[in-house]
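Structural features, examined
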There are 2 protein chains.
Amino acid sequence: MSDKRQRLLDAALRLAHESGLSRTTLARIAEESKVPLGNIYYYFRTKEALWRAVIEVRRGQVEQVLARAATAPDPKAQLLALTEYFLEAGDEISRFGCPFGGLCHDLSQEEGVDPELRAAPLATLLDWADERFQTLGQPKKEARRLAGHLVAGIQGGALLAHAMADPKLLRREIRFLQRWIETV
Amino acid sequence: MSDKRQRLLDAALRLAHESGLSRTTLARIAEESKVPLGNIYYYFRTKEALWRAVIEVRRGQVEQVLARAATAPDPKAQLLALTEYFLEAGDEISRFGCPFGGLCHDLSQEEGVDPELRAAPLATLLDWADERFQTLGQPKKEARRLAGHLVAGIQGGALLAHAMADPKLLRREIRFLQRWIETV
DNA sequence: GTCTATAAGATGATAGAC
DNA sequence: GTCTATCATCTTATAGAC
């Protein structure tokens, strides 16, 4: 039972996040995972297949974050718990960008990846927040708007913090969103 | 008096926006601008020098957008006028991403470009919004927060619309921000 | 299943004729 | 200033031995 596939995935996850999709070559993944270059193709038929697997992992990680947030007692506390994650991961996000939004952005510049799949991490976030706002009594259309505002704020804060290399920009925006959630 | 340099810049601007920085090769720029590949190096010593020029142009475009918004009668109307730009450019942003934020994101994944310069378009936006909120009577620290929230919302909305290929996501967020500006 | 060698093509950059 | 030819390197992918 070999763990090579897992090591390849881990390396691809890490490098794609830290260096961006386009700068992550199979050679670097091979080196990082200690799997010989040619052997990669036994586990992933093409580089694109590897990216598809990476997206699935990120989607799963989003679901984990959401599952943890969902343990909070009420919808408002759950939304706050979600924002808390981006506060905890603030330094990493500031250095490398959001592992979810950044990936979705990079993927929309590649061709050949199914548009539905490549946006899955963000779509999962949006749908989850949408449900919470509905449970809070918001009408369907308004809940969609509020969910969009929350995720846009998070992703925009992550983009600013990353581009300007300043974690404060993300922290301030998250705190701003937290106060906003309290008032909804 | 040759216009080759300008043609090269135009092509680089367009391709970097539509395909992303990493997929924009000198060969494509040469083809698009009808300048022979080898001749590019007479106008730009390296590919990176070309990107530096591209950033400067984008920074100038941001300044133009801000100058237009600054013709509105008061600070609040000026901030609203800024958001209006992202409504007008909504379809293009949804297809290719924000020409300012997307570039800054792509650049932070390249190495060798001065971090100060590469974030210039976003920094210009932030500073301008900051000034307006201060003129509206907000204390320095709060104005910084509000400016961050505005730009984060815009950029996050652009990211969502681009990643999910749905211009509605940006439009909804801009309208949300516009109503928010009215209440500040 | 694993690994080396290498094909095939793309890419940034340069040399040198005009 | 302009352009062709080309180098050196990188990158995805495959062939084929073990």
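Residues numbered from 1 in each chain as written. Chains lettered and ligands numbered in written order. Predicted model: local features only at pLDDT ≥ 70, side-chain atom pairs only at ≥ 80, totals over all residues. Heavy atoms only, no water.

Between chain A and chain B, the residue contacts involve 40 residues of the former and 40 residues of the latter. Across the interface of chain A and chain B, roughly 3500 Å² is buried in total on both sides, 65% from carbon and sulfur atoms. Area buried by chain A at its contact with chain B is led by Gln109, Leu159 and Phe176 of chain A, which between them contribute 17% of it. Where chain A meets chain B, there are 2 salt bridges. A salt bridge links Glu111 of chain A to Arg23 of chain B, with the shortest nitrogen-to-oxygen separation between them at 3.2 Å. At the boundary of chain A with chain B, the tally comes to 8 residue pairs in polar contact (both at pLDDT 80 or more). Listed by contribution, the elements that provide at least two residues to the side of chain A that touches chain B are α7 (101-107), α9 (120-135), α10 (140-163) and α11 (167-183) of chain A. It is α10 of chain A that provides the largest number of residues to the side of chain A that touches chain B, a total of 15 residues. Grouping the amino acids of the side of chain A that touches chain B by side-chain chemistry returns 15 nonpolar, 15 polar and 10 charged. (Contact = heavy atoms within 4.5 Å. Buried area = accessible area lost by both parts, 1.4 Å probe. Salt bridge = Lys/Arg side-chain N within 4 Å of Asp/Glu carboxyl O. Polar contact = N/O pair within 3.5 Å; in protein donor to acceptor, adjacent residues only side chain to side chain. Helix = DSSP H or I, 4+ residues; strand = E, 2+ residues; numbered from the N terminus. Nonpolar A, V, L, I, M, F, W, Y, C, P; charged D, E, K, R; others polar.)

Of note, Gln155 of chain A is situated in helix α10. Accessibility expressed as a relative area gives 4% for Gln155 of chain A, which makes it buried. Contacts of Gln155 of chain A, omitting those with residues within four sequence positions, involve Phe86, Cys98, Gly101, Leu122 and Leu125 of chain A together with Gly156 and Leu159 of chain B. (Buried < 20%, exposed > 50% of the residue type's maximum accessible area, 1.4 Å probe, protein only.)

Take the relation of the copies chain A and chain B next. Once turned by 180° and shifted 0.0 Å along the axis, chain A lies on chain B with an RMSD of 0.0 Å. Expressed as an axis order, the relation between the two copies is that of a two-fold axis. Within chain A, Gly156 of chain A has its C-alpha nearest the rotation axis, a separation of 1.9 Å. When the interface residues of chain A are mapped onto chain B, 100% of them again fall at the interface, so both copies present the same face. (Least-squares fit on C-alpha atoms with pLDDT ≥ 70 in both.)

Glancing now at the protein's contact with DNA strand C. Surrounding DNA strand C, one finds 14 residues, the nearest of these being Tyr43 of chain A together with Thr25, Leu26, Tyr41 and Lys47 of chain B. The sugar-phosphate portion of DNA strand C accounts for 71% of its atoms within 4 Å of the protein, the bases making up the rest. At 2.9 Å from a phosphate oxygen of DNA strand C is found a main-chain nitrogen or oxygen belonging to Leu26 of chain B. Separating a phosphate oxygen of DNA strand C from a side-chain N or O atom of Tyr41 of chain B is a distance of 3.3 Å. Classifying every residue of the surface near DNA strand C by side-chain character gives 6 nonpolar, 6 polar and 2 charged. (Near = heavy atom within 4 Å.)

Counting residues in each nonpolar core, the largest one holds 80 residues, and the members touching the most others are Leu82, Phe86, Phe133 and Leu150 of chain A together with Leu82, Phe86 and Leu150 of chain B. Those residues within four positions of Leu150 of chain A in sequence are excluded, and the remaining contacts are Leu79, Leu82, Thr83, Ala129, Phe133, Leu177, Trp180 and Ile181 of chain A. If you look at the next biggest cluster of nonpolar residues, it comprises 24 residues, including Val35, Val54, Leu103 and Leu117 of chain B. (Core = buried A, V, L, I, M, F, W, Y, C linked by side-chain atoms within 4.5 Å.)

Once that is clear, we can look at the domain arrangement of chain A. All names here are of chain A. Here chain A is described as being made up of domain 1 (1-45) and domain 2 (58-183). Measuring from the centre of the C-alpha atoms in domain 1 to the corresponding centre in domain 2 gives 27 Å. Contact residues are listed per partner, giving 6 residues for domain 1 and 10 residues for domain 2. Note on domain 1 versus domain 2: buried area summed over both sides is about 710 Å², and carbon and sulfur give 64% of it. The largest contributions to the domain 1 side of the interface with domain 2 come from Leu13, His17 and Leu21, which together make up 79% of the buried area. Across the contact surface, domain 1 and domain 2 share 3 residue pairs in polar contact (both at pLDDT 80 or more). (Domains from an automatic or database assignment.)

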